[in-house]
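# Tertiary structure, described
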Amino acid sequence: MKKKYLGFILPSTLSFLLTGIYSIVDGIFVGRAMGDDGLAAINIAWPLVALIFSLGTGIGMGASVMVSLNRGAGDDETARRMEGNAFFLLFTGAFLLVAFLFLAGSPLLTLLGAEGIIHTHALIYLRYMLAGGIIQVLASGSIPLMRNRGAAVYSMCSMACGCLINIVLDYYLVLLAGWELFGAAAATVCGQSVTLIFCLAFFLQRKNRIALKNIRPDGKAVSSILKVAASPFGLTYLPSVTIIVMNLQCLKYGGEQAVSAYAVLAYLVSFMELVVQGISDGSQPLLSLARGSGDGRALKCYTRWTFFLGICLGAISGILVFALRSMIPVFYGTSTKAARLIVRSAPAFCAVMAMYGLTKPAVSYFYATKSLLQSSLLVYGEVLLTLVVIFTLPLLLGLDGIWLTMPLVQLLLCLASIAFLVRKPKAEIGNH
């Protein structure tokens, strides 16, 4: 049982670990090439770019849950239909999203606080990311589906190759060629293209091919996938909503240097989030399969191991960032003022990392076992809490109130997660 668990968890975690390393390196390249302006621009544009990745991940994870639940219940025909309809949703959703963002990108960036040169840089980054938007949706959505078929190592290799290409091209295009944010976007699209090639090669194999009849849209399948997809989509995207309001408040209370400082810390928090997501995504097929087959013992074991790993990694990440907080601005090439803000606010973000180790696996556990109410309350409750706290706490504490927003919200979510977890396993596992 442990061997099976590790066979899913390790490849997934290593894949996301490499992706997290890329996200940190990407920020270092942009910071060294462009300084505060580049970091602020990419951070303001990111909430729009994140819609691309989140759409693919949400649909892919939502379909994977439904496939595993139906396979666990012995309904292979419905499972195949769910998988096929996932690709219909990925194609359709990608086209509609890219078209919308291409038309509305500039005014949306203005609403997000981008002005002058920051707006120019952010729009360049967004437009070139959209050029490969459909590729990115398909790649990010195919990974969970491949992992769900037991191809965890192959999924890891596809993500790893894409990330390595991304990092190499980032260094060359951003630093050496001087293409700045255009180079950063081009490197990302090329990396995702490599990942998609791996995905297409997998699903074009005879044993993995999806019948055309299963790709044709089925109302019931589409509805089922979208209901579950709401939680993984929110889990992946809603941190970007936090970035939006944090950017706006940072601009108001601390100017562009505060946005730059937050951008650096957001990179580090994103890294930790990705590693925890690797654990959660890796355990999803096992959790869903155990839930569908009614195997309460397996469900308990997989759940405990997932939370143990998440909490340990969260704590270790927070401690490391706290210990290295004075060195972080040097790597990113920030201004002196932004560097002071990073050192001052780092402890708050370290606390966030530690608590992510509990709250993020909790959300994944609930949607993997189709407990959609609990997962939705945690995901969308985080947004509501963030909006309330970030617009009230700074009135009392100024810029420090902004830095304390995320720790306070995560503390409340930790308490809610524990309350849900104490009640949910007994009630549900007992029915199987």
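Here's what I pulled together on the structure shown here. What you see is a predicted model, and the numbers here were worked out from it, not measured in a lab.

It is worth spelling out the environment of Y367 at this point. Note on placement: Y367 falls in helix 12 (residues 336–368). On the accessibility criterion, Y367 (2% relative accessible area) is buried. Excluding residues that lie within four positions of it along the chain, Y367 makes contacts with M61, V65, V228, S231, P232, L235, D281 and S375.

Summed over all chains, the structure comprises 0 disulfides. Free cysteine: C250, not disulfide-bonded; nearest cysteine sulfur from C350 at 16 Å. In this model C301 remains outside any disulfide bridge; the closest cysteine sulfur is found in C312, 17 Å from its own.

The next subject is the pattern of salt bridges. One pass over the full model with this rule turns up 5 salt bridges. Salt-bridge contacts for R149 lead to E83; the nearest nitrogen and oxygen are separated by 2.6 Å. Linking R149 in the loop between helix 5 (133–148) and helix 6 (152–176) with E83 in helix 3 (residues 76–111), this pair joins segments that are 66 residues apart in sequence. On the basis of relative accessibility, which here comes to 27%, the residue R149 falls in the partly exposed class. Exposure remark for E83: the relative accessible area of 3% places this residue in the buried category. For K360, the salt bridge identified is with E382, shortest N-O distance 3.4 Å. One end of the pair, K360, is in helix 12; the other, E382, is in helix 13 (residues 372–390), with 22 residues separating them in the sequence. Both residues of the pair, K360 and E382, belong to the buried class. Beyond isolated ion pairs, a larger network of salt bridges with shared partners links E273, K360 and E382.

Conventions we followed
Residues numbered from 1 in each chain as written. Predicted model: local features only at pLDDT ≥ 70, side-chain atom pairs only at ≥ 80, totals over all residues. Heavy atoms only, no water. Helix = DSSP H or I, 4+ residues; strand = E, 2+ residues; numbered from the N terminus. Buried < 20%, exposed > 50% of the residue type's maximum accessible area, 1.4 Å probe, protein only. Contact = heavy atoms within 4.5 Å. Disulfide = S-S within 2.5 Å. Salt bridge = Lys/Arg side-chain N within 4 Å of Asp/Glu carboxyl O.

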